[in-house]
Amino acid sequence: MKTITLVFGAVYGMLSVILGAFGAHALKKILSVERLESFETGVRYQMYAAFFLLIVGYVLKFETSSEKWVSILMIAGTMLFSFSIYFLSLQDYLGANLKFLGPITPLGGLLMIISWGMLIVYFAKNRI
């Protein structure tokens, strides 16, 4: 689980830089300001998750199921949160109705919040 966490952290970080540059250059010309700001929100939170996963990957020992769930929830939550935002931001450009993804975004955010909460509990219990 440690390796998976670190790999996802690195991949999320790399994709954040790529998608951020893509948004700043290519999407700036084709998206409305509102859609571009939404896209950038997805990128920003994905980078936060990348840092989270890299730090957690080095701090946690992944000996308990709760330690594993800290990572799993952040990985899944970020995927649901950020990627749903990316697709919602691009739906007009893609010519697709992706509004069904709307409820996915807060679900992903909730998973990320739970992951943070579990990390707080871990730190409180282990007095790190």
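Before any of the text, the structure's been laid out above.
Small disclaimer: the values here were computed from a predicted structure and weren't measured.

Quick notes on the rules
Residues numbered from 1 in each chain as written. Predicted model: local features only at pLDDT ≥ 70, side-chain atom pairs only at ≥ 80, totals over all residues. Heavy atoms only, no water. Helix = DSSP H or I, 4+ residues; strand = E, 2+ residues; numbered from the N terminus. Buried < 20%, exposed > 50% of the residue type's maximum accessible area, 1.4 Å probe, protein only. Contact = heavy atoms within 4.5 Å. Areas by Shrake-Rupley, 256 points an atom, 1.4 Å probe, with all protein chains shown as cover. Lys, Arg positive; Asp, Glu negative; His and termini not counted. Charge placed at Lys NZ, Arg CZ, Asp CG, Glu CD. Salt bridge = Lys/Arg side-chain N within 4 Å of Asp/Glu carboxyl O. Core = buried A, V, L, I, M, F, W, Y, C linked by side-chain atoms within 4.5 Å. Expected span 1.5 Å × (residues − 1). Axes fitted to C-alpha atoms, helices over the stretch in contact; angles between N-to-C directions. Parallel < 35°, antiparallel > 145°, perpendicular 65-115°, else oblique. Left-handed = near helix turned anticlockwise from the far one by under 90°. Nonpolar A, V, L, I, M, F, W, Y, C, P; charged D, E, K, R; others polar. Polar contact = N/O pair within 3.5 Å; in protein donor to acceptor, adjacent residues only side chain to side chain. Patch = residues over 30% accessible without salt bridge, like charges linked within 9 Å, V, L, I, M, F, W, Y side chains within 5 Å.

1. A few points about the overall build of the protein chain
Okay, step 1: For the protein chain, the helix and strand inventory stands at four helices and zero strands.
Okay, step 2: Mapped from its N terminus to its C terminus, the protein chain presents α and β elements in the order α-α-α-α.
Okay, step 3: Projected onto the principal axes, the alpha-carbon positions of the protein chain cover approximately 50 × 25 × 20 Å.
Okay, step 4: Split into buried and exposed, the 128 residues of the protein chain put 39% on the buried side.
Okay, step 5: In the protein chain, the proportion of contacts linking residues at least 24 apart, taken out of those at least 6 apart, comes to 76%.
Okay, step 6: On the protein chain, roughly 7,500 Å² of surface is accessible, and the fraction owed to carbon and sulfur atoms is 70%.
Okay, step 7: Within the protein chain, the 6 negative side-chain charges are centred at a point lying 7 Å from the centre of the 10 positive side-chain charges.

2. As for the pattern of salt bridges
Okay, step 1: Under the defined criterion, the tally for this structure stands at one salt bridge.
Okay, step 2: One salt bridge in this structure joins Asp-92 and Arg-35, with 3.1 Å as the shortest N-O distance. Placement of the pair is Asp-92 in helix α3 (residues 65-94) and Arg-35 in helix α2 (residues 33-59), with a sequence separation of 57 residues.

3. Topic: the nonpolar core
In summary, soluble globular proteins display a tendency toward joint burial of nonpolar side chains.
Okay, step 1: In terms of nonpolar packing, the biggest core is built from 16 residues, with Phe-52, Val-56 and Leu-60 touching the most fellow members.
Okay, step 2: The residues touching Val-56, leaving out its near neighbours within four places in the chain, are Thr-5, Phe-62, Val-70 and Leu-119.
Okay, step 3: Judged by nonpolar contacts, the second largest core, of eight residues, contains Leu-31, Phe-39, Tyr-86 and Leu-90.

4. What about helix α4 (residues 104-126)?
Okay, step 1: Over its 23 residues, α4 extends 33 Å from the first C-alpha to the last, a length consistent with the 33 Å expected when each residue adds 1.5 Å.
Okay, step 2: Turning to α4, the residues buried within the fold contact α2 and α3.
Okay, step 3: Just beyond α4, the residue with positive phi is Arg-127, at close to 45°.

5. Observations concerning the packing of α2 against α4
Okay, step 1: Remark: α2 packs on α4, axes separated minimally by 12 Å, with the N-to-C direction vectors making an angle of 30°. One element, α2, and the other, α4, form an angle in the roughly parallel class. α2 and α4 meet at a crossing whose hand is left-handed. The residues of α4 that touch α2, namely those facing Tyr-45, Ala-49, Phe-52, Val-56 and Val-59, are Met-112, Ser-115, Trp-116, Leu-119, Tyr-122 and Phe-123.
Okay, step 2: Tallied by class, the residues present in the contact of α2 with α4 amount to ten nonpolar, one polar and no charged.

6. So, the side chain of Ser-84
Okay, step 1: Along the chain, Ser-84 falls in helix α3.
Okay, step 2: A polar contact is formed between the side chain of Ser-84 and the backbone oxygen of Phe-81, at a distance of 2.9 Å.
Okay, step 3: When neighbours within four sequence positions are excluded, Ser-84 is seen to be in contact with Met-79, Leu-101, Ile-104 and Thr-105.

7. Details of a nonpolar patch on the surface
Okay, step 1: Together, Phe-51, Ile-55, Tyr-58, Val-59 and Phe-123 make up a nonpolar patch on the protein surface, roughly 530 Å² of accessible area in all.
Okay, step 2: One can find Tyr-58 in helix α2.

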